[in-house]
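Residues per chain are reported as follows:
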Amino acid sequence: MRKCAMMEHPLSNKRSSPVRFRPLIALSAAALAALTLAGCSSTTAAPSASPSATSVDLCTSKVASGSASDAVKVSGDVGKQATVSFTKPLTVSKLQSTVVTQGTGDKLASGDLVQFALTEYNAQTGKLNGAIGQAEGSLLPQQISGDSVLGQVLGCATVGTRVVAVMPGDESSPATIDVVDVKAIVPNHATGAAQAPQAGFPTVKLDGSNVPTITVPKTDPPTTTKIETLKKGTGATVASGDTVLVQYTGVLWKDGSVFDSSWTRGTPASFQTTGVVPGFKKALEGATVGSQVLVVVPPADGYGSTAKQGIPANSTLVFVVDILGVQHASAG
């Protein structure tokens, strides 16, 4: 899957996470790996309507509860920082997960993007290690699958569910208690209100799976970066240095040919706004989650006179970007 990293391309392999505690990374390991590895050349695979998923069944993937996870008592509202009580130290020999609150929302399916909150405690001392995801814009949605640790902890839980998981330690980290709240299933495309198109911009047509096709006008390209909001979302606003989760397609102005697309790979991409070419950065910062943005990037705000894989030197680029989530730089 990993073939390349397109330097300062929006799908750069560079990734900086403000998360400081181990279990969140462990819970999201498969999704984080998929997002990081997305920084590669496009393939010939057919576009997918949803993030890629595995054949492992999500419902049967949930690990069983056990004496350790059952011994943890949890209080507090779902979606807020949880409080736990247990007899210390808690011996954790294997991953266990107990449902504390059964939600009444939609059931998770493999490949879904899940917005969740997590509160973590040290299983030996009972000390709070941290909490993240409770506030909007504090944690990116993560893709769930039957062979990821997140899938093993949640299974096909319903939105509104709270589980308590106990995770064994390793040489560098002690065992932990993780309270995970399922907040929402995030659409894999922009859901904001449609905006009136602007004259002179490339046109965008969406198929039944919301995959965009971009048609470039037969005119000379602009010499400065031009941005058009096609759909206006109502979520958190992206700021400089934030990490975003997006779907996107990029084409060349000169002939409309696609040089890269997350839709083709079947999984969204994640990157910091400060790790991309200037034109793409301008399109992201100030936009809101749920928005679809079209940006025309001239060479001066793109790759200039340097040729990249699939992108000739001095190319004007056109991107359509669906902003699915944001993790603010200050969230850690």
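Draft legend 1. How the structure looks around the overall build of the chain. Broken down by element type, the chain carries six helices and 17 strands. When contacts within the chain are restricted to residue pairs at least 6 apart in sequence, long-range pairs at least 24 apart make up 78% of them. Accessible surface, the chain as shown: approximately 13,700 Å² in total, 52% of it carbon and sulfur.

Draft legend 2. Region of interest: the side chain of Thr-225. Tracing the backbone through its elements, the reader meets Thr-225 in the loop between β11 (212-215) and β12 (226-232). The exposure class assigned to Thr-225 is buried, which follows from its relative accessible area of 19%. Only 2.6 Å separates the side chain of Thr-225 from the side chain of Asp-301, close enough to count as a polar contact.

Draft legend 3. Focus on the pattern of salt bridges. Applying the stated rule across the entire model yields four salt bridges. Between Arg-265 and Asp-260 there is a salt bridge whose closest N-O contact spans 2.7 Å. Assigned by exposure class, Arg-265 and Asp-260 land together as buried. Of the charged contacts, one joins Lys-282 and Asp-301 as a salt bridge, the two residues approaching to 2.7 Å between their closest N and O atoms. Residue Lys-282 is found in helix α6 (residues 278-284), and its partner Asp-301 is found in the loop between β16 (292-297) and β17 (317-327); the two are separated by 19 residues along the sequence.

Draft legend 4. View of the packing of aromatic side chains. Applying the stated criterion across every chain, the model contains four aromatic pairs. Each ring, one from Tyr-248 and one from Phe-319, has its centre 6.4 Å from the other, and the planes form 50°; the classification is tilted. With Tyr-248 in strand β13 (residues 243-252) and Phe-319 in strand β17, the pair connects residues that are 71 residues apart, well separated along the chain. The class for Tyr-248 is buried, based on a relative accessible area of 0%. Seen in terms of ring centroids, Phe-280 and Phe-319 are 4.8 Å apart; in terms of plane orientation they differ by 80°. Their pairing is edge-to-face. Placement of Phe-280 in helix α6 and of Phe-319 in strand β17 is noted, with a sequence separation of 39 residues between them. One exposure class covers both Phe-280 and Phe-319, and it is buried. In this arrangement the basic side chain of Lys-88 is found over the ring face of Phe-86, its NZ or CZ atom lying 5.6 Å from the centre.

Draft legend 5. Quick look at the nonpolar core. Within the largest apolar cluster, 26 residues are counted, with the highest numbers of intra-cluster contacts made by Val-246, Phe-319 and Ile-323. Going through the elements one at a time, β13, β15 (269-272), α6, β16 and β17 are the ones with two or more residues in this core. A per-element tally of this core places β17 first, with five residues. In this structure Val-246 touches Ser-262, Pro-268, Ala-269, Phe-271, Leu-284, Val-321, Asp-322, Ile-323 and Leu-324, once residues within four positions along its chain are discounted. Counting 21 residues, the second largest nonpolar core, distinct from the first, contains Leu-95, Phe-116, Leu-139 and Ile-144.

Draft legend 6. Focus on the pairing of strand β7 (residues 162-167). Taking burial as the measure, the six residues of β7 include six buried ones, the bulk of the element. Across the two faces of β7 the burial is the same, with Arg-162, Val-164 and Val-166 and Val-163, Ala-165 and Met-167 all buried. Sheet analysis places strand β3 (residues 96-101) next to β7, joined by five bridges and oriented antiparallel. Looking at β7, one finds that Val-99 is bridged to Val-163.

Draft legend 7. Layout of the state of the cysteines. This structure, assessed with the given rule, holds one disulfide. Here Cys-59 engages in a disulfide with Cys-156; their sulfurs sit 2.1 Å apart. Between Cys-59 and Cys-156, the S-S dihedral sits near 115°, and the bridge is therefore right-handed. Taken together, the residues Cys-59 in the loop between α2 (29-36) and α3 (67-70) and Cys-156 in the loop between α4 (149-154) and β7 connect sequence positions 97 residues apart.

Draft legend 8. Here's a closer look at the environment of Thr-225. Along the sequence, Thr-225 and Pro-298 sit 73 residues apart, while their C-alpha atoms lie 6.1 Å from each other. Not counting the four nearest positions on each side in its chain, Thr-225 is found in contact with Gly-279, Lys-282, Val-295, Val-296, Val-297, Pro-298 and Asp-301.

Draft legend 9. Region of interest: the environment of Asn-314. With respect to the helices and strands, Asn-314 occurs in the loop between β16 and β17. Put simply, Asn-314 and Pro-298 are 16 residues apart on the chain and 8.0 Å apart in space, counted from C-alpha to C-alpha.

Draft legend 10. Region of interest: the confidence of the model for the chain. Confidence along the chain averages 86 in pLDDT terms, with 83% of residues attaining 70 or more. Under a pLDDT of 50 for its full length, residues 1-52 has, in the predicted model, 150 contacts with residues more than four places off or in other chains.

Draft legend 11. A look at the pairing of β13. Among the 10 residues of β13, 10 are classified as buried, and the element is accordingly described as predominantly covered. Of the two faces of β13, the one holding Thr-243, Leu-245, Gln-247, Thr-249 and Val-251 and the one holding Val-244, Val-246, Tyr-248, Gly-250 and Leu-252 are both buried throughout. For β13 and β15, the ladder comprises four bridges, and the chain directions are antiparallel. Across the sheet, residue Thr-243 finds its bridge partner in β15, namely Gln-272. Sheet analysis places β13 next to β17, joined by 10 bridges and oriented antiparallel. When the bridges of β17 are listed, Val-246 appears paired with Ile-323. One ladder, built from three bridges, connects β13 with strand β14 (residues 258-261); its direction is antiparallel. In the strand pairing of β14, Val-251 is matched with Val-258.

Analysis parameters
Residues numbered from 1 in each chain as written. Predicted model: local features only at pLDDT ≥ 70, side-chain atom pairs only at ≥ 80, totals over all residues. Heavy atoms only, no water. Helix = DSSP H or I, 4+ residues; strand = E, 2+ residues; numbered from the N terminus. Contact = heavy atoms within 4.5 Å. Areas by Shrake-Rupley, 256 points an atom, 1.4 Å probe, with all protein chains shown as cover. Buried < 20%, exposed > 50% of the residue type's maximum accessible area, 1.4 Å probe, protein only. Polar contact = N/O pair within 3.5 Å; in protein donor to acceptor, adjacent residues only side chain to side chain. Salt bridge = Lys/Arg side-chain N within 4 Å of Asp/Glu carboxyl O. Phe/Tyr/Trp six-rings, centres within 6.5 Å; stacked < 30°, edge-to-face > 60°. Lys NZ or Arg CZ within 6 Å of the ring centre and 35° of its normal. Core = buried A, V, L, I, M, F, W, Y, C linked by side-chain atoms within 4.5 Å. Pairing = 2+ DSSP bridges. Disulfide = S-S within 2.5 Å. pLDDT = per-residue confidence, 0-100.

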